[in-house]
Structures are given as C-alpha cells and as structure tokens.
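Listed below, chain by chain, are the residues.
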Amino acid sequence: MAARKTKKKENGGTKQRSQRATSNVFSMFDQSQIAEFKEAFTLIDANRDGFICGEDLQDIYSSLGRDLKETQSVEMLAEGAGPINFQVFLGMFGDKISGKLW
C-alpha cells in the first residue's frame, strides 16, 4: 500500500487537483450566475475561439475606453495557469470569491 501512495505523489498531484477543480466548478454557482458569467466570457472572447487571449483583453479594454499594457494582459492571463476557456474562467472567479488565490 505504501508503494501505491508514493506512486500517486510521484505523479505530481496537481493533475488530480485540476481535474477535481474543473469537474466541480459548475457546482460553485447557481444557473443564473453561470449564465451571467457565460455572457461576460462571450463579451471578452472577441475572436470567438472559446479562449481568452491577450488580444481579447486588449479589445475589451479598448471598448471600455481603457488602456491595457501588454504586461498587464500577460499578468492577467498568467492567473489562469494555461489557456482560459469558460470552465477555467468560471473556476478563477470561484477561487477569487472563495478567497483562494492562484
């Protein structure tokens, strides 16, 4: 049994956390909240590829009359620890609301 536990730790453990976080992300919010987050995600995802990228952030900031420096968009995207699709986006807000930081 000890070998099995050691083997799980050798696999990194972070993959299991990621899978658990994304599979549980929709239970963090009620349906109306999810719909609002989906609407916000769709507004931000200007190129409609299903992911938020630096260009999308630049576009949304421009539409709001705000200037976004490239370093700021890089920092924002780094909070996602990978490509930001809707599930990741929702999870990021869930973590922020619950007080967890990336």
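Refer to the preceding data block for the structure.
Attention in this report is confined to the structure presented alongside it. (Residues numbered from 1 in each chain as written. Predicted model: local features only at pLDDT ≥ 70, side-chain atom pairs only at ≥ 80, totals over all residues. Heavy atoms only, no water.)

Section: the environment of isoleucine 84
And then number 1: Tracing the chain through its elements places isoleucine 84 in the loop between helix H5 (70-78) and helix H6 (86-98).
And then number 2: Measuring from C-alpha to C-alpha, the distance between isoleucine 84 and glycine 50 comes to 8.3 Å, with 34 residues separating the pair along the chain. (Helix = DSSP H or I, 4+ residues; strand = E, 2+ residues; numbered from the N terminus.)

Comments concerning the side chain of aspartate 56
And then number 1: Take aspartate 56: it is sitting in helix H4 (residues 54-63).
And then number 2: One buried charge, aspartate 56, has no salt-bridge partner; the nearest side chain with opposite charge is arginine 48, at 6.9 Å. (Buried < 20%, exposed > 50% of the residue type's maximum accessible area, 1.4 Å probe, protein only. Lys, Arg positive; Asp, Glu negative; His and termini not counted. Salt bridge = Lys/Arg side-chain N within 4 Å of Asp/Glu carboxyl O.)

Observations regarding the packing of aromatic side chains
A ring pair, where both rings are aromatic, is described by two values, the distance of the centres and the angle of the planes.
And then number 1: Tallying each qualifying case throughout the model produces six aromatic pairs.
And then number 2: Ring-pair connections join several aromatic residues into one group, and the members of that group are Phe26, Phe29, Phe37, Phe41, Phe86, Phe89 and Phe93.
And then number 3: Over the ring of phenylalanine 86 we find lysine 38, and its NZ or CZ is 4.8 Å from the ring centre. (Phe/Tyr/Trp six-rings, centres within 6.5 Å; stacked < 30°, edge-to-face > 60°. Lys NZ or Arg CZ within 6 Å of the ring centre and 35° of its normal.)

Some remarks on the pattern of salt bridges
And then number 1: By the definition in use, this model includes one salt bridge.
And then number 2: For the salt bridge of lysine 96 with glutamate 79, the shortest nitrogen-to-oxygen distance reads 2.9 Å. Of this pair, lysine 96 sits in helix H6 while glutamate 79 sits in the loop between H5 and H6, placing them 17 residues apart in sequence.

As for the environment of leucine 77
And then number 1: Within the secondary structure, leucine 77 is located in helix H5.
And then number 2: Exposure remark for leucine 77: the relative accessible area of 22% places this residue in the partly exposed category.
And then number 3: The spatial distance from the C-alpha of leucine 77 to the C-alpha of glycine 54 is 7.3 Å, given a sequence separation of 23 residues.
And then number 4: When neighbours within four sequence positions are excluded, leucine 77 is seen to be in contact with Ile52, Cys53, Gly54, Leu57, Gly82 and Ile84. (Contact = heavy atoms within 4.5 Å.)

Observations regarding unusual backbone geometry
And then number 1: Although it is not a glycine, arginine 48 sits at a positive phi angle of roughly 55°.
And then number 2: Considering the arrangement of structural elements, one finds arginine 48 in the loop between helix H3 (31-44) and H4.
And then number 3: A relative accessible area of 52% means that arginine 48 is categorised as exposed.
And then number 4: A positive phi angle, near 55°, is found at alanine 81, a position not held by glycine.
And then number 5: Looking at the secondary structure, you find alanine 81 in the loop between H5 and H6.

Quick look at the nonpolar core
And then number 1: Within the largest apolar cluster, 15 residues are counted, with the highest numbers of intra-cluster contacts made by Phe37, Ile52, Ile84, Phe86, Phe89 and Leu90.
And then number 2: The element that contributes the greatest number of residues to this core is H6, accounting for five residues.
And then number 3: Apart from the residues within four sequence positions on either side, isoleucine 52 is in contact with Phe41, Ile44, Leu57, Leu77, Ile84 and Phe89. (Core = buried A, V, L, I, M, F, W, Y, C linked by side-chain atoms within 4.5 Å.)

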